[in-house]
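Listed here are the chains, written in short residue letters.
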Amino acid sequence: MSEVIQNFLAGGACTVIVGHPFDTVKVRLQTMPRPPPGQPPLFTGALDCAKQTVAREGFKALYKGMSAPLAGVSPLFAVFFGGCAVGKYIQQKNPEDEMTFVQNMNSGALAGVFTTVIMAPGERIKCLLQVQSAGHGPSGVHYDGPLDVVKKLYKQGGIASIYKGTCATLLRDIPASAAYLSVYEFLKKSFSGDTDKKLSPGAVLLAGGLAGIANWSVCIPADVLKSRLQTAPEGKYPDGIRGVFKEVMREEGPKGLFKGFTPVMLRAFPANAACFFGLELTLYVFQMFK
């Protein structure tokens with residue numbers, strides 16, 4: 001179980017710092033209102049969204065809501081990699097047995113379940129702050145920061161309001177985490193050619209970046225639904241994510257499920273390359289002190 005503890009401790013802020021501006025653009029694209037007939041959309045694309053955001057609210061607006069994921073990133077990645085290690089521990093008969101691609105998928109999926117406890121409220125807070133343009137969000141409520149979001153959500157609907165979108169988060173994170181870990185471990189093995197060979201920093205960065213792309217490739221539709229559900233006024237979607245899905249399909253069709261695709265993919269590689277590089281570096285330091 002020492003590997004579980006090591007992975008639990010191996011978390012960091014690199015992913016959030018590198019990727020948050022792209023995430024802000026993604027969420028704003030995903031949640032922008034549908035324009036009236038004959039009128040142009042609020043944003044024509046990712047670059048236009050970034051330009052308008054900076055022009056109207058300053059460069060710091062791209063980092064709106066970052067404090068919530070930044071505060072949760074260490075426990076989040078700790079729980080994720082710890083969950084992966086638990087999955088490995090459960091499936092292996094012998095600690096020296098090599099994990100198969102499917103076993104790594106199972107471990108990643110299990111970790112996705114574990115992280116939802118942290119991820120769901122963190123995403124709710126982050127998204128509400130990200131879509132708050134010039135101090136006003138879609139619901140008309142003004143939030144002064146993460147703690148203010150928590151206070152107002154709790155006053156409005158208790159813990160259930162803070163955890164709004166939990167099922168949508170699970171729908172996104174279980175397959176995404178399965179792809180994330182399995183692709184990373186597969187690429188590590190492919191790049192090394194020998195399980196005892198130490199990967200170069202460049203190989204770790206490449207494997208981590210491609211794993212991030214695999215992660216988001218399978219979960220963008222669920223992420224769109226989650227973002228809309230978590231930023232909607234209370235009572236707009238009484239049947240939850242199913243109501244969001246029906247609305248998107250009715251008003252925008254399947255392409256509406258892929259809003260934010262460009263910033264997601266621009267973010268996926270560098271953010272996750274940094275994440276896995278930090279993980280491997282931390283585990284290497286642990287090994288030095290054994």
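- As named in an unreviewed UniProt entry, the protein chain is Mitochondrial carnitine/acylcarnitine carrier protein, taken from Mesorhabditis spiculigera.
- As its UniProt record puts it under Sequence similarities (unreviewed entry), the protein chain is described as follows: "Belongs to the mitochondrial carrier (TC 2.A.29) family."
- Under the UniProt heading Subcellular location (unreviewed entry), the entry covering the protein chain gives this text: "Mitochondrion membrane".

1. Some words on the pattern of salt bridges
Oppositely charged side chains can pair when the atoms bearing their charge come close.
Then, number 1: With the rule as written, the count across this model stands at 16 salt bridges.
Then, number 2: Arg28 is the partner of Glu57 in a salt bridge, and the nearest nitrogen-oxygen pair spans 2.9 Å. With Glu57 in helix α3 (residues 46–57) and Arg28 in helix α2 (residues 14–31), this pair connects stretches of sequence that are 29 residues apart.
Then, number 3: The partly exposed category is assigned to Glu57, whose relative accessible area is 22%.
Then, number 4: Overall, the relative accessible area of 5% leaves Arg28 in the buried class.
Then, number 5: We note a salt bridge from Lys64 to Glu57, for which the minimum N-O separation is 2.7 Å.

2. A closer look at the nonpolar core
One recurring pattern in soluble globular proteins is that nonpolar side chains are buried together.
Then, number 1: Counting 16 residues, the largest nonpolar core has Phe80, Phe81, Tyr180, Tyr184 and Phe276 as its most contacted members.
Then, number 2: Among the secondary structure elements, those contributing two or more residues to this core are α4 (67–91), α7 (166–192), α8 (201–217) and α11 (261–288).
Then, number 3: Apart from the residues lying within four places of it in its own chain, the contact partners of Phe276 are Phe81, Tyr180, Tyr184, Val204, Gly208 and Ala211.
Then, number 4: Ranked by size, the runner-up nonpolar core spans nine residues in total, among them Ala168, Ala232, Ile241 and Val248.

Thresholds, definitions, all that
- Residues numbered from 1 in each chain as written.
- Predicted model: local features only at pLDDT ≥ 70, side-chain atom pairs only at ≥ 80, totals over all residues.
- Heavy atoms only, no water.
- UniProt positions renumbered as here; feature names shortened; annotations may be inferred.
- Salt bridge = Lys/Arg side-chain N within 4 Å of Asp/Glu carboxyl O.
- Helix = DSSP H or I, 4+ residues; strand = E, 2+ residues; numbered from the N terminus.
- Buried < 20%, exposed > 50% of the residue type's maximum accessible area, 1.4 Å probe, protein only.
- Core = buried A, V, L, I, M, F, W, Y, C linked by side-chain atoms within 4.5 Å.
- Contact = heavy atoms within 4.5 Å.

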